[in-house]
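# Coordinate analysis (summary)
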Amino acid sequence: MNVTAVVSLRGLPAEAVYGLSSAFYYLFAAIVFLIPTAMVAAELAAMFADKQGGVFRWVGEAYGARTGFLAIWLQWIESTIWYPTVLTFGAVSIAFIGMNDTHDALLASNKVFTLCMVLAIYWIATLIALKGLGWVGKISKWGGMIGTIIPAGLLIVLGIIYISTGGHNHMDMSQGFFPDLSKFNNLVLASSIFLFYAGMEMMGIHVMDVKNPSRNYPKAIIIGSLVTVLIFILGTFSLGLIIPAKDISLTQSLLVGFDNYFHYLHISWAGPIIAIALMFGVLAGVLTWVAGPSKGIFAVGKAGYLPPFFQKTNKNGVQKNILLIQGCVVTLLALLFVVMPSVQSFYQILSQLTVLLYLIMYMLMFSAAIVLRYKMKGTPRPFRLGKKNGLMWFLGCLGFCGALLAFVLSFVPPSQISTGSNTVWFSVLIIGCVVVVGAPFVIYSMRKPSWKDPEAAADFAPFHWEAQAKVAAPEAAAPAQQKPGSNK
């Protein structure tokens, strides 16, 4: 589950331009981000296993409901902004279903075609999600296997066959394992590697389902992380071997790489098959995320944090209005194609905005985990990182600093890709962050008692500081009732 939750092939071309040094970035991000995320989230998930809210609960217990609402909001809105980027990859997969490579590449770079395919795939996923989790589960299960795991293994095998049979190595071997860190603007694409590993915190909810979690969960995380890193490194190398770095496109190179391998092996008929499989994988991945984060913010909303409009469900109990609003935002973002110089630049700038928003949520999570070691010192922790606080401080700070580094680097325009003017680049990222981060504070300040669904609120356990305030209030009132001269 750890592997299938994290592995995605769409980002491999972004790292293939780094050649051998891409392995350094993958390993670095795994050590400072992937493993800390999984381990810290496991403690938090086990600690609040009997309470709803996820990251809203974790951050809210440490910093208050307002900041907790920001965290769950960022998790939801980040995935909403992410859809057009992953769906662009899906549109390219559809373009490569044809048998003419030149025609397929031209179609994949056509803005109108890409826009139509992005919207078609997204709204199909939304309609499936509206039918309930039964449909989502079936499609996600098979889509993850057919559209991600099998193609990943095939890509690696093709690379091994190619190089062992005398195929020409197009990868620049002069770069070496350690990158040239003096070229600051080259690091921005590497910072997007952190988003490759995003989602591992979702696995924390399963920590209590593992036998002997204190021993076996860290073991599963380490094994899962190693397998994930291995797939990413070998998959990236496989693309680098067959496509020169100067010809790598963020949106098309995965399909071009497969096509080149199939031409080399004289099995060009397999190209459309892998394109269909990848498209199915995109649909399954989007479907999982359409149903997931929106369900989380829906549960929090019913506890009184969103207006009643966002709490409406259909006959299947699915959060229909949230999904429809989400769809409108995705449609609006997809229309940004008209102002960006290319499909590739649109893909990159939205990817970076997604990274920025998700990293803010992760920084809140890491710092909250440390704070809760002191605020909720006596609370049982069925899964605990270390007997004392040292290991939590180490992993929490490591994850926080890693996320902060990636956050800063994400503002730097990449030198490898034409993103239009730097003014557009910085404007979209800065204004996007300010608007998205500010929105939940505005919504929170407008809360009304009528927003709370009585049935849902009863199931939503109060924060520990709310429970303490309720206990303290009667105790404070008791001495006042006993004052001399009181007529009460």
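Residues numbered from 1 in each chain as written. Predicted model: local features only at pLDDT ≥ 70, side-chain atom pairs only at ≥ 80, totals over all residues. Heavy atoms only, no water.

Under an unreviewed UniProt entry, the chain has the name Amino acid transporters and belongs to Alistipes shahii WAL 8301. In UniProt, the chain has this text filed under Subcellular location (unreviewed entry): "Cell membrane". (UniProt positions renumbered as here; feature names shortened; annotations may be inferred.)

### Quick look at the overall build of the chain
Helices and strands together make up the secondary structure of the chain, namely 19 helices and zero strands. Burial statistics for the chain: of 488 residues in total, 55% are counted as buried. Within the chain, contacts between residues at least 6 apart in sequence are counted, and of these 82% link residues at least 24 apart. By element, 69% of the accessible surface of the chain is carried by carbon and sulfur atoms, the whole surface being about 21000 Å². (Helix = DSSP H or I, 4+ residues; strand = E, 2+ residues; numbered from the N terminus. Buried < 20%, exposed > 50% of the residue type's maximum accessible area, 1.4 Å probe, protein only. Contact = heavy atoms within 4.5 Å. Areas by Shrake-Rupley, 256 points an atom, 1.4 Å probe, with all protein chains shown as cover.)

### Thoughts on unusual backbone geometry
Even without being a glycine, His266 presents a positive backbone phi close to 60°. With respect to the secondary-structure elements, His266 resides in the loop between helix H12 (253-264) and helix H13 (270-305).

### Side note on the state of the cysteines
Where two cysteines share a covalent bond between their sulfur atoms, that bond is called a disulfide. Applying the stated criterion across every chain, the model contains zero disulfides. Cysteine Cys397 remains unbridged, with the sulfur of Cys401 as its closest cysteine sulfur at 6.0 Å. (Disulfide = S-S within 2.5 Å.)

### Brief notes about helix H14 (residues 320-334)
With 15 residues, H14 extends 21 Å from end C-alpha to end C-alpha; this agrees with the ideal 21 Å at 1.5 Å per step. Restricting attention to buried positions, one finds in H14 the residues Asn321, Ile322, Leu323, Gln326, Gly327, Val330, Leu333 and Ala334. (Expected span 1.5 Å × (residues − 1).)

### Comments concerning the environment of Ala439
Counting through the fold element by element, Ala439 comes out in helix H17 (residues 422-445). Since its relative accessible area comes to 23%, Ala439 is described here as partly exposed. Placed 369 residues apart in sequence, Ala439 and Leu70 show a C-alpha to C-alpha distance of 8.7 Å.

### Points about the pattern of salt bridges
Using the criterion set out here, one finds three salt bridges in the structure. For Glu43, the salt bridge identified is with Arg373, shortest N-O distance 2.8 Å. Of this pair, Glu43 sits in helix H3 (residues 22-47) while Arg373 sits in helix H15 (residues 343-375), placing them 330 residues apart in sequence. Judged by relative accessible area, Glu43 falls into the buried class, the value being 1%. One salt bridge connects Arg381 with Glu43, and the closest N-O pair in it is separated by 3.2 Å. Separated by 338 residues along the polypeptide, Arg381 in the loop between H15 and helix H16 (390-409) and Glu43 in helix H3 bring together distant segments of the chain. The class of Arg381 is buried, set by a relative accessible area of 11%. It is possible to trace a salt-bridge network through shared partners that takes in Glu43, Arg373 and Arg381. (Salt bridge = Lys/Arg side-chain N within 4 Å of Asp/Glu carboxyl O.)

### A closer look at the side chain of Thr37
Its place among the elements puts Thr37 in helix H3. Judged by relative accessible area, Thr37 falls into the buried class, the value being 0%.

### Considering the nonpolar core
If you look at the biggest cluster of nonpolar residues, it comprises 151 residues, and the most contacted ones within it are Phe69 and Tyr197. No other element matches the 20 residues that H15 contributes to this core. Leave out the neighbours within four places in its chain, and Phe69 touches Phe56, Val300, Tyr305, Leu306, Pro440, Ile443 and Tyr444. (Core = buried A, V, L, I, M, F, W, Y, C linked by side-chain atoms within 4.5 Å.)

### Considerations on the packing of helix H5 (residues 65-95) against H13
For any two helices packed against each other, one specifies the inter-axial angle together with the distance between the axes. Two elements in contact, H5 and H13, have axes whose closest approach is 9 Å; the angle formed by their N-to-C orientations is 160°. Relative to H13, H5 is oriented roughly antiparallel. Considering the relative orientation of H5 and H13, their crossing is left-handed. (Axes fitted to C-alpha atoms, helices over the stretch in contact; angles between N-to-C directions. Parallel < 35°, antiparallel > 145°, perpendicular 65-115°, else oblique. Left-handed = near helix turned anticlockwise from the far one by under 90°.)

### With respect to the packing of H5 against H17
Between H5 and H17, the shortest axis-to-axis distance is 9 Å and the interhelical angle comes to 135°. If you check the angle between H5 and H17, you find them oblique. Seen from above, H5 lies across H17 with right-handed handedness. Here Ala65, Arg66, Phe69, Leu70, Trp73, Leu74, Ile77 and Ile81 of H5 lie close against H17, whose contacting residues are Val436, Val437, Ala439, Pro440, Phe441, Ile443 and Tyr444. Looking at side-chain class alone, the contact of H5 with H17 contains 14 nonpolar, no polar and one charged residues. (Nonpolar A, V, L, I, M, F, W, Y, C, P; charged D, E, K, R; others polar.)

### Focus: the side chain of Thr228
Along the chain, the position of Thr228 falls in helix H11 (residues 213-242). Once you skip the residues sitting within four places of it in the chain, Thr228 turns out to touch Val3, Val6, Val7 and Tyr197.

### Some thoughts on helix H7 (residues 111-129)
Taking 1.5 Å as the rise per residue, H7 with 19 residues should run 27 Å; its terminal C-alpha atoms sit 27 Å apart, in good agreement. Where H7 starts, the residue carrying a side-chain oxygen 3.0 Å from the main-chain nitrogen of Val112 turns out to be Asn110. (Polar contact = N/O pair within 3.5 Å; in protein donor to acceptor, adjacent residues only side chain to side chain.)

### Overview of the environment of Pro413
By secondary structure assignment, the location of Pro413 is in the loop between H16 and H17. Considered as a pair, Pro413 and Phe426 are 13 residues apart in the sequence and their alpha carbons are 8.2 Å apart.

### Let's talk about the packing of aromatic side chains
Going through the model one piece at a time under the given rule, you end up with 22 aromatic pairs. An angle of 80° between the planes, with centres 5.4 Å apart, marks the rings of Tyr162 and Tyr261 as edge-to-face. In this pair, Tyr162 is assigned in helix H8 (residues 133-164) and Tyr261 in helix H12, connecting sequence segments 99 residues apart. You can call Tyr261 buried: its relative accessible area is 1%. Relative to Tyr444, the ring of Tyr305 lies with its centre 6.2 Å away and its plane at 25°, an arrangement referred to as stacked. Separated by 139 residues along the polypeptide, Tyr305 in helix H13 and Tyr444 in helix H17 bring together distant segments of the chain. (Phe/Tyr/Trp six-rings, centres within 6.5 Å; stacked < 30°, edge-to-face > 60°.)

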